[in-house]
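So you can see what is in the structure, the chains are spelled out below.
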Amino acid sequence: MYSGPGVKTSADFPIPDTMKAWVLGNPGELKLSEKPVPVPKRAEVLVRIDAVAICATDLEIIYNGPPASIQGGMPFNKNFTPGHEYMGTVVALGPGVDEYKIGQRVTVEIHAGCGQCKRCREGMYTSCHNYGLNYGDADKGHRANGFTTDGGFCEYQVNAINTLVAIPAAMSDEEATLVVTAGTAMYGLTELGGLVAGESVVVTGPGPIGLLGVAVAKALGAQPVILTGTRDNRLKIGRELGADHVVNVRNEDAVEAVKRLNGGKGVDYVLECSGAANAVNEAIRMVNRGGKVCLAAFPHEQTPVDVAHIVRNNIYLYGIRGEGKSATHRAEAFMSQKRFDATKIHTHTFALDDLPIAIRYAKERIEDAIKVVVKAQGVAAHRIAAE
Ligand SMILES: [Zn+2]
Ligand SMILES: [Zn+2]
């Protein structure tokens with residue numbers, strides 16, 4: 001029977017001893033396997049995973065390895081379960097936990113951090129100095145779900161209480177999986193130094209973070225918000241999420257378009273979410289003198305950057321990692337107030353058993369897939385005939 005020292009459970013939420021879990025074999029290979037249901041320790045809870053969204057970073061991990069780091073190395077053939085954008089129901093409490101109740105719905109942040117290092121103490125737990133040191137003699141208590149520890153492509157997962165975000169009954173499971181994506185955009189925009197209402201923002205790249213970056217910037221009062229990208233269907237969703245202007249960079253030079261749309265001087269902030277090779281050089285020309293650029297995506301290859309332009313124009317560059325400083329809570333506050341409809345980027349739902357099909361939809365962008373969600377319950381398994 002499922003139990004652990006000091007762990008509280010409830011007859012309303014019976015917990016099995018083992019669960020279905022997808023594990024990563026060789027690159028690109030996911031196998032459905034069975035694992036023991038993990039047991040929460042101090043300051044942790046067990047979450048029954050109700051929905052998990054697939055992120056571009058999951059595809060990176062599954063096919064290439066980094067940024068996952070398991071036991072200090074590549075994540076392949078280590079019985080590792082990826083997946084990090086999940087939500088669910090609290091079903092067991094670790095010893096001493098009274099901050100959450102069994103039966104409560106939560107969404108989760110990815111990074112627990114070690115809680116001991118300088119950056120964790122500053123709230124920058126996504127930049128923990130003990131990142132990934134959670135094994136062997138170097139057990140620092142660090143967790144990053146689906147990156148350094150098991151993630152959400154399974155039925156249950158333990159989470160530190162500092163990663164939980166309570167969600168209202170009115171928020172659907174699918175919408176709740178998007179809170180951490182909005183939280184990443186929120187972290188970027190607030191780390192830039194505090195966007196003040198009425199300041200101008202460009203978001204480059206209409207992927208999930210970029211699209212929710214538009215929504216968060218608009219909810220924070222930015223004006224205008226300009227979205228650049230190459231796909232009209234995604235730019236259209238950007239408009240629905242609050243972009244004042246959209247620019248298809250296949251038809252128009254992005255830098256010239258931004259200047260034309262904002263009085264010739266460029267904008268105060270750029271949130272770079274495209275990872276395109278020349279994105280930094282374009283972003284530093286889209287901001288006005290003294291402007292700030294947040295880099296939330298990265299190209300695979302190294303690229304030359306016009307440093308002289310950055311220095312001469314007092315431009316600030318910020319790289320962000322994930323969703324630090326409780327930005328996820330602030331994003332959830334916007335979403336529960338319905339300041340924007342994040343579900344506009346959710347396009348497909350599959351059963352957990354069909355994860356490989358779901359991954360293919362996300363990777364190949366089948367039927368214009370943006371956010372593909374997988375659910376352990378309540379979704380019929382995919383019929384081959386329907387493919
Ligand atoms: Zn993600
Ligand atoms: Zn730390």
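Residues numbered from 1 in each chain as written. Chains lettered and ligands numbered in written order. Predicted model: local features only at pLDDT ≥ 70, side-chain atom pairs only at ≥ 80, totals over all residues.

Overview of the packing of helix H4 (residues 179-191) against helix H5 (residues 208-219)
Part 1 of the argument: Axis separation between H4 and H5 bottoms out at 8 Å; the angle between their running directions is 60°. By the angle between their axes, H4 is oblique relative to H5. Of the two elements, H4 crosses H5, and the hand of that crossing is right-handed. Taken together, the residues of H5 that come into contact with H4 (itself represented by Thr181, Ala182, Thr184, Ala185, Met186, Gly188 and Leu189) are Pro208, Ile209, Leu212, Gly213, Ala215, Val216 and Ala217.
Part 2 of the argument: Among the residues forming the contact of H4 with H5, the class breakdown is ten nonpolar, four polar and no charged. (Axes fitted to C-alpha atoms, helices over the stretch in contact; angles between N-to-C directions. Helix = DSSP H or I, 4+ residues; strand = E, 2+ residues; numbered from the N terminus. Parallel < 35°, antiparallel > 145°, perpendicular 65-115°, else oblique. Left-handed = near helix turned anticlockwise from the far one by under 90°. Contact = placed C-beta atoms within 7 Å. Nonpolar A, V, L, I, M, F, W, Y, C, P; charged D, E, K, R; others polar.)

Some points on the pairing of strand S4 (residues 85-93)
Part 1 of the argument: By the criterion of burial, S4 is predominantly enclosed, with eight of the nine residues buried.
Part 2 of the argument: Relative to S4, strand S3 (residues 44-53) runs antiparallel, the two sharing eight bridges. Across the sheet, residue alanine 51 finds its bridge partner in S4, namely methionine 87.
Part 3 of the argument: Pairing between S4 and strand S5 (residues 105-108): three bridges, direction antiparallel. (Buried ≥ 20, exposed ≤ 12 C-beta atoms within 10 Å, placed from the backbone. Pairing = 2+ DSSP bridges.)

A word on the domain arrangement of the chain
Part 1 of the argument: According to the domain assignment, the chain contains domain 1 (18-110 + 145-166 + 341-386) and domain 2 (181-319).
Part 2 of the argument: Counting residues at the interface gives nine residues for domain 1 and twelve residues for domain 2.
Part 3 of the argument: Each residue belonging to the side of domain 1 that touches domain 2 can be placed in one class, and the counts come to four nonpolar, no polar and five charged. (Domains from an automatic or database assignment.)

Some remarks on the environment of glycine 264
Part 1 of the argument: Residue position: glycine 264 is located in the loop between helix H7 (254-261) and strand S11 (267-272).
Part 2 of the argument: Among the residues examined, glycine 264 registers 9 C-beta atoms within 10 Å and is labelled exposed.
Part 3 of the argument: Sequence spacing of glycine 264 and tyrosine 187 is 77 residues, and the spatial spacing of their C-alpha atoms is 28 Å.

Topic: helix H6 (residues 232-240)
Part 1 of the argument: Among all positions of H6, only Arg234, Leu235, Ile237 and Gly238 are buried. Buried residues of H6, viewed axially, fall in a sector of 155°; they line one side. More than 90 degrees from the buried face of H6, the exposed residues found are Asp232 and Asn233.
Part 2 of the argument: Tucked into the core, H6 has its buried residues touching H5, strand S9 (225-229) and strand S10 (245-248).
Part 3 of the argument: Once H6 ends, the next one or two residues include glycine 242, with phi positive near 125°. (Arc of directions from axis to C-beta.)

A look at the pairing of strand S2 (residues 30-36)
Part 1 of the argument: Relative to S2, strand S1 (residues 18-24) runs antiparallel, the two being bridged by seven bridges. Counterpart to tryptophan 22 in the pairing with S2 is leucine 32.
Part 2 of the argument: Turn length for the S1-S2 hairpin, with the two strands adjacent in sequence and antiparallel, is five residues, and the turn residue glycine 28 shows positive phi of about 80°.

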